[in-house]
Amino acid sequence: MDVLINVFVGLHIIGIASLLGGFLTQMKAMGAGTARFVPAMLHGALTMLVTGVALVGLNQADDHTVNNVKIGIKLAVLIVILGLVYVKRDEEKVEKALFGAVGGLTVANIFIAVLWT
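Residues numbered from 1 in each chain as written. Predicted model: local features only at pLDDT ≥ 70, side-chain atom pairs only at ≥ 80, totals over all residues. Heavy atoms only, no water.

*Asks:* Describe the packing of aromatic side chains, with residues and values.
*Replies:* One pass over the full model with this rule turns up 2 aromatic pairs. Measuring from ring centre to ring centre gives 5.0 Å for Phe23 and Phe99, while their planes differ by 20°; the resulting arrangement is stacked. You can see Phe23 sitting in helix 1 (residues 2-25) and its partner Phe99 sitting in helix 5 (residues 96-115), a full 76 residues away along the chain. Across the pair, Phe99 and Phe23 agree in class, each one buried. Here Phe99 falls in the buried class, since its relative accessible area comes to 0%. Here the aromatic residues Phe23, Phe37 and Phe99 are joined through ring pairs into a cluster of three or more. Across the ring face of Tyr86, the terminal group of Arg89 is positioned such that the distance to the ring centre comes to 4.0 Å. (Phe/Tyr/Trp six-rings, centres within 6.5 Å; stacked < 30°, edge-to-face > 60°. Helix = DSSP H or I, 4+ residues; strand = E, 2+ residues; numbered from the N terminus. Buried < 20%, exposed > 50% of the residue type's maximum accessible area, 1.4 Å probe, protein only. Lys NZ or Arg CZ within 6 Å of the ring centre and 35° of its normal.)

The following block contains the structure:
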């Protein structure tokens, strides 16, 4: 079971890398006001959602303790990110504040995962 959990952790990290990487590649465009949500950001957020749910299920099945408050907050932040990216995915450019909010929420989600013990 540990190998399967580690595989899903790796996939979860790939999802966050895709979401954050998509954001970082658009930073220059954000300064010019032409940033847009690239498909990598949507796919990364979806990957995080699916692998995160799988990780919670696998950890509970393996009798590991799961901090449900932490997971709930991370899920809420991810749903906001996913909603914003999904709704605005076809627009040619996204407002700076909205684009920055997605980047900030992504970084916040990373820090919640790493620092909340």
